[in-house]
Amino acid sequence: MEHDLRKPPALLSREQCLLVIIDMQQKLVPIMADKERLIANVSRLARFARIVNMPVVVSEQKNLGPTIEEIASVLPHSTQPVEKINFDCFGCGPFQEKLWEHQKPVLIFAGIESHICVAQTALSALVGHEVHVIADAVASRYEPNRAVALRRLEQAGAVISSTEMFMYELLGEAGTEEFRAVLPLVKEQP
């Protein structure tokens with residue numbers, strides 16, 4: 001098997017990736033630990049997705065209100081949230097249909113709660129997808145639950161990353177128009 005010397009195999013490419021934002025809703029976000037960091041980083045990821053033309057799938061748990069305005073207002077224009085009742089988004093047919101529409105092998109996870117909906121969905125996604133969980137863009141009501149979720153996900157085979165690490169990895173180089181468009185997002189430190 002030949003190896004493409006232009007791109008190391010462990011690095012992501014934007015053509016592979018789909019961003020999954022889970023349950024960033026009005027009734028949930030206010031009770032999260034470190035919610036300001038959470039909102040800032042999920043917002044940065046959504047704006048980054050628009051700049052690099054990366055598809056985004058958003059879930060909303062039934063009866064917990066719409067996605068918060070700070071996130072909804074910066075999503076790519078074609079993004080329509082998928083309502084669910086399952087904690088694991090893969091238990092929701094419309095969620096799976098959205099994934100099939102895009103056919104991306106790598107799912108990038110952000111949202112809440114780390115130890116419930118994010119963890120269950122990411123664990124299910126490991127069957128058939130490479131999974132990256134953005135550690136500074138997920139949260140739980142209690143920080144220890146977030147820490148346990150990240151450990152379990154990593155042990156199961158998910159890659160744990162950060163917002164800035166992910167953005168730079170997909171950009172790949174400085175000095176481009178795209179890099180200049182993303183630079184303000186990088187400079188925003190939550």
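Whatever comes next refers back to the structure up there.
Owing to the predicted nature of the structure, the values given are computational and were not obtained by experimental measurement. (Residues numbered from 1 in each chain as written. Predicted model: local features only at pLDDT ≥ 70, side-chain atom pairs only at ≥ 80, totals over all residues. Heavy atoms only, no water.)

## Regarding the overall build of the chain
Inference 1: Helix and strand counts for the chain stand at 7 helices and 6 strands.
Inference 2: Order of helices (α) and strands (β) in the chain, N terminus to C terminus: β-α-β-α-β-α-β-α-β-α-β-α-α.
Inference 3: Here the C-alpha radius of gyration of the chain, 16 Å, is about what a compact globule of 190 residues would show, namely 16 Å.
Inference 4: Along the three orthogonal principal directions, the C-alpha set of the chain runs to about 45 × 35 × 35 Å. (Helix = DSSP H or I, 4+ residues; strand = E, 2+ residues; numbered from the N terminus. Rg over C-alpha atoms; globule rule 2.2 N^0.38 Å.)

## Observations concerning helix α1 (residues 35-52)
Inference 1: For α1, built from 18 residues, the straight-helix expectation of 26 Å at 1.5 Å per residue is met to within 8% by its first-to-last C-alpha distance of 26 Å.
Inference 2: If you check which residues of α1 are buried, you get Arg37, Leu38, Ile39, Asn41, Val42, Ser43, Arg44, Leu45, Ala46, Phe48, Ala49 and Val52.
Inference 3: Immediately downstream of α1, the backbone of Asn53 shows phi near 60°, a positive value. (Expected span 1.5 Å × (residues − 1). Buried < 20%, exposed > 50% of the residue type's maximum accessible area, 1.4 Å probe, protein only.)

## Focus on the packing of α1 against helix α6 (residues 163-171)
Inference 1: At a minimum axis distance of 10 Å, the contact between α1 and α6 shows a crossing angle of 15°. The angle between α1 and α6 places the two elements in the roughly parallel class. In the crossing of α1 with α6, the sense of the turn from one axis to the other is left-handed. Facing Asn41, Arg44, Leu45 and Phe48 of α1, the residues of α6 in contact are Thr163, Glu164, Phe166, Met167, Leu170 and Leu171. (Axes fitted to C-alpha atoms, helices over the stretch in contact; angles between N-to-C directions. Parallel < 35°, antiparallel > 145°, perpendicular 65-115°, else oblique. Left-handed = near helix turned anticlockwise from the far one by under 90°. Contact = heavy atoms within 4.5 Å.)

## Considering the pairing of strand β2 (residues 56-61)
Inference 1: Of all 6 residues in β2, 6 are buried, a share of seventy percent or more.
Inference 2: Alternating residues of β2 divide into Val56, Val58 and Glu60 and Val57, Ser59 and Gln61, and every residue in both groups is buried.
Inference 3: Handedness of the β-α-β unit built from strand β1 (residues 17-22), α1 and β2 comes out right-handed. (Right-handed = clockwise from strand over helix to strand, strands pointing away.)

## Considering the environment of Thr163
Inference 1: Tracing the backbone through its elements, the reader meets Thr163 in helix α6.
Inference 2: With relative accessibility at 0%, the residue Thr163 sits in the buried group.
Inference 3: Each C-alpha atom, one on Thr163 and one on Val133, is 9.5 Å from the other, the two residues being 30 residues apart in sequence.
Inference 4: For Thr163, the contacting residues outside a window of four places in its chain are Asn41, Arg44, Leu45, Ile134, Asp136 and Ala137.

## Concerning the nonpolar core
Inference 1: Among the nonpolar cores identified, the biggest contains 38 residues, and Ile21, Met24, Phe48, Met54 and Phe166 are the most heavily contacted of them.
Inference 2: If you list the elements that add at least two residues to this core, you get β1, α1, β2, β4 (106-112), β5 (130-139), α6 and α7 (177-187).
Inference 3: Per element, the largest residue contribution to this core is 8 residues, and it comes from α1.
Inference 4: The residues touching Phe166, leaving out its near neighbours within four places in the chain, are Leu12, Cys17, Leu45, Phe48, Met54, Ile108, Ile134 and Ser161.
Inference 5: Val57, Cys89, Leu107 and Val118 belong to the second largest nonpolar core, which has 24 residues in total. (Core = buried A, V, L, I, M, F, W, Y, C linked by side-chain atoms within 4.5 Å.)

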